[in-house]
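Residue-level listing of the chains:
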Amino acid sequence: MSATSSVRPGHVMSGEMAEQPAVLRRLLDEGAAPIRAVAERIAARQPRFVLLTGRGTSDNAALYAKYLLEIQLGKPCGLTSMSTTTAYEAKPDLTDCLVIAVSQSGGSPDLVASTTTAREAGATTLAVTNNPDSPLALASEFHVDVLAGPEKALPATKTYTAELLALYLFVEGLRGGDGAGAAHRLPALAEGILARQEEIRQLAARYRFAERMVLTSRGYGYPTAKEAALKLMETSYIPALSYSGADLLHGPLAMVDNVSPVIAIVTEGRGGRALQPVLDRLRDRGADLVVFGPKSQVDAASAGFVLPTDGVPEELQPILEIIPLQLLAYEVTLARGQDPDAPRALAKVTETR
């Protein structure tokens, strides 16, 4: 047997998922002060509104930042459409605007081009990347390093949770706070979740032959639903549709039956309470419902995974929520006889323009 063929499928993704507690710890120990310093400089400019830019996993991290900025700071926020400047050559007036570009590699040409245009249009620009020497970091006035270390697996895992924590610390810095104190339990809690992989393996068995899946949440949990769907699609190739719980009721609920699995991410707090009517409707329809959330919600479902939410602020729970769903994508992919380290047709740096 060759050295290549003896390598266990998914070993790279598995190793990088396991690094997440250490990455979170490093970001809190080494990254919090530099992030706060950047936030203080930007806060002094008093930006009127914020635009966020990203692709794929980083776009889901940007969506999380949108919730943080709108809820914690009351800042109007938007997710940019990069083609308006890269393809249509629009010339926006971005005076007094903060533009945040989130990218694991910092190498996608459209992110670099749109950030360059934003800076020329008067915006304060911030790149949040895992590569301080990347073209995106160099094109931006400010940079935040998520300190995740090299990521070799095509499905991004540790860079996503690092982006979330870095963005949380940045927004806390804009508020004039520290942020690291409330987040100090995250590394240990992440370790506890990773130690429960056998629970996830058992859950994965129900999705081995799934033809499609639906994921739903509300509030801070919605970016988790989108990121989990992306992980499932890029590793196992299962069409996974993600919806805000409110949007699910506006039409897509009609496709839910007792065959197609539904995963609900229930953040403990206002977002979870807002999702409750959706969970009730799903149960009324006899949906194959699995809940990732507090024990009370998991007990009421047909199956699920209890998240350690006690004492964790709602805005920090997404950093923990995604970890068992990363494990789920990994285990479902293995159960279907595929290699999560080698998704077909994908490259680590996607050069969209």
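Above this text is the structure in question.
Each chain carries its own residue numbering, running from 1 in the written order of its sequence. Residues qualify for local features only when their pLDDT is at least 70, as the model is predicted, and side-chain atom pairs are given and counted only at 80 or more; totals for whole chains, interfaces and linings, by contrast, use all residues. The basis for every side-chain value is the complete set of heavy atoms in the structure, and neither hydrogens nor water enter the calculation.

**Student:** Looking at this structure, how should I read the overall build of the chain?
**Tutor:** Note on conventions: DSSP H or I runs of at least 4 residues are helices, E runs of at least 2 residues are strands, and numbering of each starts at the N terminus. The number of helices and strands found in the chain is 15 helices and 10 strands. It is over C-alpha atoms that the radius of gyration is taken, and the globule rule equals 2.2 Å times the number of residues to the power 0.38. Scaling as 2.2 N^0.38, a compact globule of 353 residues should have a C-alpha radius of gyration of about 20 Å, and the chain matches this with 20 Å. Across its three principal axes, the chain shows a C-alpha extent of roughly 55 × 50 × 40 Å. Across the chain, contacts joining residues at least 24 apart in sequence account for 76% of those joining residues at least 6 apart. For the area figures, the Shrake-Rupley method with a 1.4 Å probe applies, and any residue is considered shielded solely by the protein chains shown. On the chain, roughly 14300 Å² of surface is accessible, and the fraction owed to carbon and sulfur atoms is 51%. Contact criterion: two residues are considered in contact whenever any of their non-hydrogen atoms come within 4.5 Å of each other.

**Student:** Got a minute to help me understand the sheet that holds strand β6 (residues 213-217) in this structure?
**Tutor:** Pairing between sheet strands relies on hydrogen bonds along the backbone, with the strands arranged either parallel or antiparallel. A strand pair is defined by DSSP finding two or more bridges across the two strands. Spatially, the 5 strands line up as an open sheet ordered β7-β6-β8-β9-β10, and their pairing is parallel. A single partner strand is all that each edge strand has here, and the edge strands are β7 (240-244) and β10 (303-306). Geometrically, the sheet is characterised by an average inter-axis angle of 15 degrees between neighbouring strands, direction not taken into account. Two strands pair when backbone bridges link them, and β6 and β7 are joined in this way by 5 bridges, in the parallel orientation. Axis lines are fitted to C-alpha atoms, over the contacting stretch for helices. Their N-to-C directions set the angle, which ranges from 0 to 180 degrees.

**Student:** Can you walk me through the pattern of salt bridges in this structure?
**Tutor:** A side chain of one charge can pair with a side chain of the opposite charge if their charged atoms are brought near each other. The term salt bridge refers to a side-chain nitrogen of Lys or Arg lying within 4 Å of a carboxyl oxygen of Asp or Glu. The final tally for this structure, using the stated rule, is 15 salt bridges. R175 is the partner of E172 in a salt bridge, and the nearest nitrogen-oxygen pair spans 2.9 Å. For D288, the salt bridge is made with R206, and the minimal N-O distance between the two is 2.4 Å. On the criterion of sequence distance, the pair formed by D288 in strand β9 (residues 288-293) and R206 in the loop between α10 (197-204) and β6 is long-range, its members being 82 residues apart. For R206, a relative accessible area of 35% gives the class partly exposed. Throughout, exposure labels follow a simple rule: accessible area from a 1.4 Å probe, protein chains only, divided by the maximum for the residue type, with under 20% read as buried, over 50% as exposed, and the rest as partly exposed.

**Student:** Looking at this structure, I do not really get the pairing of strand β8 (residues 261-265). What am I missing?
**Tutor:** Within a regular strand, the side chains alternate between the two sheet faces. Of all 5 residues in β8, 5 are buried; the element is thus mostly enclosed. The side-chain alternation of β8 yields two buried faces, one formed by P261, I263 and I265 and the other by V262 and A264. Bridging between β6 and β8 involves 3 bridges; their strand directions are parallel. Bridge assignment links V214 to a residue of β8, and that residue is V262.

**Student:** I keep staring at the side chain of T224 and nothing clicks. Help me out?
**Tutor:** Along the polypeptide, T224 turns up in helix α11 (residues 222-236). Relative accessible area serves as the criterion here: at 1%, T224 is assigned to the buried category. N or O atoms within 3.5 Å of each other form a polar contact, as long as, within protein, one can give a hydrogen and the other can take it, and as long as residues adjacent in sequence are counted only when both atoms are side-chain atoms. Within the structure, the side chain of T224 is placed 2.9 Å from the side chain of E321, a separation counted as a polar contact.

**Student:** What is the right way to look at the packing of aromatic side chains in this model?
**Tutor:** Think of a pair of aromatic rings as described by two things: how far the centres are apart, and how the planes are tilted against each other in angle. For Phe, Tyr and Trp, where Trp contributes only its six-membered ring, two rings pair if their centres lie within 6.5 Å, and the inter-plane angle classes them as stacked under 30 degrees, edge-to-face over 60, or tilted in between. By the definition in use, this model includes 3 aromatic pairs. Aromatic side chains Y67 and Y220 sit 6.2 Å apart centroid to centroid with 50 degrees between the ring planes, which places their arrangement in the tilted category. With Y67 in helix α3 (residues 56-73) and Y220 in the loop between β6 and α11, this residue pair connects regions lying 153 residues apart in the sequence. Plain terms: the ring middles of F292 and F305 are 5.9 Å apart, the flat faces sit at 20 degrees to each other, and that makes the pair stacked. With F292 in strand β9 and F305 in strand β10, this pair connects stretches of sequence that are 13 residues apart. Since its relative accessible area comes to 0%, F305 is described here as buried. Taken together, the ring pairs in this structure connect Y64, Y67 and Y220 into an aromatic cluster. Charge-over-ring placement is defined geometrically: NZ (Lys) or CZ (Arg) within 6 Å of the ring centre, and within 35 degrees of the ring normal. For R196, the ring lying beneath its charged end belongs to F305, and the centroid distance is 3.8 Å.

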